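Spelled out from the first residue to the last, the chains are:
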Amino acid sequence: MSINRRQFLKIVGVSTAAGIGGAAVFNGLRNSGLEAAQTSPDPRTLTAKRWGFVVDMDKLKSEEDYQKCIDACHNIHNVPDLSSLPEEIRIRHEVKWIWTDNFERTFPTAPEDEYQNVELKEKRFFLFCNHCAQPACVRVCPTKATFKRKDGVVMQDMHRCIGCRFCMAACPFGARSFNWRDPRGKDGNGKPFIDPAKENKEYPTRMIGVVEKCTACTERLAKGMQPACAEVSNGAIVFGDLEDPNSEVRKIIAAKYTIRRKPELGTQPSIYYVIGGGEHA
Amino acid sequence: MYDSGKIIAGLIVFVLLVTFPFISNMGKASAKPKPSIDTPVINQMAVKKCVESKEFMRAEHMQMLNNWRDSVVRNGDRIYVNTAGQSFNMSLQNTCMNCHSNKKKFCDECHNYMAVTPYCWSCHIQPKENAEGKTVLLAPAKIYFEVGRFDLPPDASSLLKPIVDFLRAHSQTGVDVSGYVDKTGDPIKNAELAKNRAKAVRDMLMAEGVSEAQINMKKPEILTGAGSDVEARRVEVSIASGKGV
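Residues numbered from 1 in each chain as written. Chains lettered and ligands numbered in written order. Predicted model: local features only at pLDDT ≥ 70, side-chain atom pairs only at ≥ 80, totals over all residues. Heavy atoms only, no water.

1. A look at the overall build of chain A
Rules: By the criteria applied, helices consist of DSSP H or I runs no shorter than four residues and strands consist of E runs no shorter than two, each listed in order from the N terminus. Computation of the radius of gyration draws on C-alpha atoms alone. For the globule rule, the value is 2.2 Å times the number of residues to the power 0.38. Each residue is placed in one exposure class: buried if its accessible area under a 1.4 Å probe, protein chains only, is under 20% of its type's maximum, exposed if it is over 50%, and partly exposed if it falls in between. The criterion used for residue contact is that any of the two residues' heavy atoms lie within 4.5 Å. Note on charges: Lys and Arg go in the positive column, Asp and Glu in the negative column, and His and the chain ends are not counted at all. A charge is said to be at NZ when it belongs to Lys, at CZ for Arg, at CG for Asp and at CD for Glu.
A tally of regular secondary structure across chain A gives 10 helices and 11 strands. By the compact-globule yardstick of 19 Å for 281 residues, chain A is too spread out, its C-alpha radius of gyration being 25 Å. Seen along its three principal axes, the alpha-carbon backbone of chain A occupies a region of about 95 × 50 × 40 Å. In chain A, which comprises 281 residues, the proportion classed as buried is 44%. Looking at chain A alone, contacts between residues at least 24 apart form 68% of all its contacts between residues at least 6 apart. Looking at charge distribution, chain A has the averaged site of its 41 positive side-chain charges lying 11 Å from that of its 35 negative ones.

2. What to know about the pairing of strand 11 (residues 271–274) of chain A
All names here are of chain A. Applicable threshold: A pair of strands is treated as paired once DSSP finds two or more bridges between them.
Taking every second residue as pointing to the same face, both faces of strand 11 are buried, with Ile-271 and Tyr-273 on one and Tyr-272 and Val-274 on the other. Relative to strand 11, strand 2 (residues 51–56) is paired through four bridges, and the arrangement is parallel. Counted as the bridge partner of Val-55 is Tyr-273 from strand 11. Strand direction decides the pairing type here: strand 10 (residues 258–259) and strand 11, joined by two bridges, are antiparallel. Paired with Ile-259 across the bridge in strand 11 is Tyr-273.

3. Things to note about the side chain of Lys-103 of chain B
The residue Lys-103 of chain B is located in the loop between helix 4 (92–99) and helix 5 (107–113) in this model. With sequence-adjacent residues up to four places away left out, Lys-103 of chain B is seen in contact with Met-97, Asp-108, Trp-121, Gln-126 and Glu-129 of chain B.

4. Looking at the pattern of salt bridges
Cut-off, in case you're wondering: Each reported salt bridge corresponds to a side-chain nitrogen of Lys or Arg within 4 Å of a carboxyl oxygen of Asp or Glu.
A full pass over the atoms with the stated rule returns 20 salt bridges over all chains. Among the salt bridges present, the one from Lys-128 of chain B reaches Glu-199 of chain A, with a minimum N-O distance of 3.7 Å. Taken together, the residues Lys-128 of chain B in the loop between helix 5 and strand 3 (141–144) and Glu-199 of chain A in the loop between strand 7 (177–178) and strand 8 (211–212) connect one chain to another. Exposure remark for Glu-199 of chain A: the relative accessible area of 19% places this residue in the buried category. Between Arg-69 of chain B and Asp-70 of chain B there is a salt bridge; the shortest N-O distance is 3.1 Å. Looking at Asp-70 of chain B, the relative accessible area reads 28%, which means it is partly exposed. Through salt bridges with shared partners, one network takes in Asp-56, Lys-59 and Lys-256 of chain A.

5. A short note on the nonpolar core
All names here are of chain A. Condition: Nine residue types can take part in a nonpolar core, namely buried Ala, Val, Leu, Ile, Met, Phe, Trp, Tyr and Cys, and a core is a set of them joined through side-chain atoms within 4.5 Å.
Counting 41 residues, the largest nonpolar core has Phe-126, Phe-128, Ile-237 and Tyr-273 as its most contacted members. Of all the elements in the fold, those that place two or more residues in this core are strand 2, helix 2 (63–76), strand 3 (98–101), strand 4 (125–128), helix 9 (228–232), strand 9 (237–241) and strand 11. Beyond its immediate chain neighbours, meaning those up to four positions away, Tyr-273 contacts Val-55, Met-57, Phe-107, Phe-125, Phe-126, Leu-127, Tyr-257, Thr-258, Ile-259 and Arg-261.

6. Side note on helix 3 (residues 54–75) of chain B
Keep this limit in mind: Expected span of a helix: the number of residues minus one, times 1.5 Å. Bending is quantified residue by residue as the angle between axes fitted to the seven-residue window ending at that residue and the seven-residue window starting at it.
The first and last C-alpha atoms of helix 3 of chain B sit only 27 Å apart over 22 residues, clearly below the 32 Å expected at 1.5 Å per residue. Along helix 3 of chain B, the sharpest kink reaches roughly 75°, centred on Glu-60 of chain B. Inspection of helix 3 of chain B places Phe-56, Met-57, Met-64, Trp-68, Ser-71, Val-72, Val-73 and Arg-74 of chain B among the buried residues, and these make up the whole buried set. Those residues of helix 3 of chain B that are buried are in contact with strand 1 (39–40), strand 5 (146–148) and strand 6 (154–156) of chain A together with strand 1 (79–81), strand 2 (87–89) and helix 4 of chain B. Where helix 3 of chain B ends, the next residue or the one after it, Gly-76 of chain B, has phi of about 75°, a positive value.

7. Some remarks on the sheet that holds strand 10 of chain A
Read across the open sheet, the four strands follow the order 9-2-11-10 (chain A); overall the sheet is mixed. Here the strands that pair on one side only, and so sit at the sheet edges, are strand 9 and strand 10 of chain A.

8. Here we look at the domain arrangement of chain B
Put simply, the rule reads: Bear in mind that the domain bounds are from an automatic or database domain assignment.
Along its sequence, chain B is organised into domain 1 (40–122) and domain 2 (141–239). Each of domain 1 of chain B and domain 2 of chain B has a C-alpha centre, and these two points are 36 Å apart.

9. As for the pairing of strand 3 of chain B
All names here are of chain B. Burial along strand 3 is one-sided: Ala-141 and Ile-143 are buried, while Lys-142 and Tyr-144, pointing the other way, are not. Two strands pair when backbone bridges link them, and strand 3 and strand 6 (residues 234–238) are joined in this way by four bridges, in the antiparallel orientation. Considered in strand 6, the bridge of Lys-142 is made with Glu-236.

10. Topic: the packing of aromatic side chains
All names here are of chain A. Condition: A pair of Phe, Tyr and Trp rings is counted when the ring centres sit within 6.5 Å of each other, with Trp represented by its six-membered ring. The angle between the planes then sorts it: under 30 degrees is stacked, over 60 is edge-to-face, the rest tilted.
One pass over the full model with this rule turns up 11 aromatic pairs over all chains. Consider the rings of Trp-51 and Phe-239, whose centres lie 4.4 Å apart with planes at 20°: the pair is stacked. With Trp-51 in strand 2 and Phe-239 in strand 9, this pair connects stretches of sequence that are 188 residues apart. The two residues Trp-51 and Phe-239 agree in class, both being buried.

11. Focus: the sheet that holds strand 3 of chain B
Strand-to-strand pairing in sheets goes through backbone hydrogen bonds, with the strands running parallel or antiparallel. Residues and elements named next belong to chain B. The criterion, for reference: To get an axis, fit a line to the C-alpha atoms, keeping to the stretch in contact for a helix; angles then go from 0 to 180 degrees between the N-to-C directions.
With mixed pairing, the four strands of this open sheet are ordered in space as 3-6-4-5. Strands at the two margins of the open sheet, each flanked by one partner only, are strand 3 and strand 5 (215–217). Across the sheet, the mean angle from the axis of one strand to that of its neighbour is 20°, orientation sign disregarded. Contacts from helix 6 (residues 156–169) reach strand 3, strand 4 (175–179) and strand 6 within the one sheet, and its direction differs from that of strand 3 by about 150°.

12. A few points about the layout of surface pockets
Residue and element names in this part refer to chain A. Counted only if it meets this: Cavities and pockets were defined on a 1 Å grid built from protein atoms only: a cavity is a group of points that admits a 1.4 Å probe but offers it no way out, a pocket is an open group of points flanked by protein on both sides within 12 Å along at least five of seven lines, and a lining residue is one with an atom within 4 Å of any such point. Grid points are joined across faces, edges and corners, and a volume is the space filled by probe spheres set on the points. Any residue outside Ala, Val, Leu, Ile, Met, Phe, Trp, Tyr, Cys, Pro, Asp, Glu, Lys and Arg is labelled polar, Gly included; the first ten of those are nonpolar and the last four are charged.
Considering only enclosed or pocket space, the second largest pocket measures out at about 770 Å³ in volume. Contributing to the lining of the second largest pocket are 30 residues, with Ile-70, Asp-71, His-74, Asp-81 and Ser-83 lying nearest its centre. When contributions to the lining of the second largest pocket are tallied by element, the ones reaching two or more residues are helix 2, helix 3 (87–93) and strand 3. The element that contributes the greatest number of residues to the lining of the second largest pocket is helix 2, accounting for seven residues. Here the residues of the lining of the second largest pocket are counted per class, giving 13 nonpolar, six polar and 11 charged.

13. Points about the interface of chain B and chain A
This is how it is decided: Buried area is calculated as the accessible area (1.4 Å probe) missing from two parts once they are joined, with the contributions of both summed.
Listed per partner, the contact involves 26 residues of chain B and 31 residues of chain A. In total, chain B and chain A occlude about 2,500 Å² of area from one another, counting both sides; carbon and sulfur atoms represent 52% of this. At the junction of chain B and chain A, the tally comes to two salt bridges. Residue assignment for the side of chain B that touches chain A shows that the elements contributing at least two residues are helix 3, strand 1 and helix 4 of chain B. By residue number, the principal contributor to the side of chain B that touches chain A is helix 3 of chain B, which donates nine residues. In the side of chain B that touches chain A, the residues fall into 11 nonpolar, nine polar and six charged.

Given below as structure tokens:
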């Protein structure tokens, strides 16, 4: 059978049209009434272009001021407490969303200054995920388990995390913890890492082998609530939209001298530290 | 045919081996899974309806949960509007398991039958259940008594408060009240004492506004509870059963 150019083009044209039509019918059948249009954000959700934090070191005076924020965060998110393990294991296996460290380790690239204020040098600084504008962890994640939300929060999708720990190597701030142990497990004396009495039954735990970190309390933002640490901190941690010039965080940043951790790395961290001076500033 | 004896014997052995699983399981079909919806929250509902129709949920809940997960975690959209126009918070732990608080008798029933082990609950916290697969909504309250006495201790009211609040809010849910005694003394008098202790607690529950129909006086099989004598002299109040009144 011979075929001329005209007949060939006709057949190709008809079969292409049939193919596209067929695919559409097939897709229509596959779609089982679960279209994206049926989902929507909670109307109470707090929204922003880029969420950020201001940590006002002047308002953090006693050990208690720090501990209540840490406890609020770790209890709400069922973060396992490994403090009962032997010291050398605890240091390596510890899981933390928010913690403290001294000036030198918080701002290791700040120029050395032998006359620096001793009080500041010895002060404990609040550390948690910086929710960077250019997050290194997101760039390296092979499964997109960690990703940047439209509101600037660097989110961690535990369902996708394969535990490769690239993000931990990439993060310059040490904000990520790996679950070396089953967070639902027990220590040598049978004490569970998550106290059953304090367990938050509305929030999941994690499983062994995934990386976790601060999520800026996205589950609370969706209910119109501030992040837990900001809520209990008595103004020491302020949460707001960095892109909004009228937000409280921007007003503080405009009025007071603030520094960020390792800004020279270019990740654009979103935590600003007001490092005091108090009434002399 | 050469070696027909060996070949036929070999064939018979082969057929027996291949059909062995069928023969050995003949007539022993596993029971059809019957997921139960006997939970306190579902018993409360006037119209027992899930997020979507039963048939849809049966066939598609796994796909739906995947879509919910992606929607909540990746897009931050947490509200699902079903085909009837009702809104639901997309959450396995807080929405699905709130009604289906009997994971063993609901989820596991089919998952075990189908030999699938979804890893949802390695992170999502499952509701607490007792040995019979009934939901434990609240930890049972234990009220301790003095030797030989059945008048309520002063802390009874505060101990019972969470249970009383729950029972007032869920008028269809029942509560078990069981009295115990210690090993010392006359067994006949002790049985009477255990009953009186349970009655004292029942009267208190009723005084707090719990209806009599909700209270199930459950005589324990062994009146002398385990543990020390102090531990044994008690009344246990538990909402462990999914059964309504």
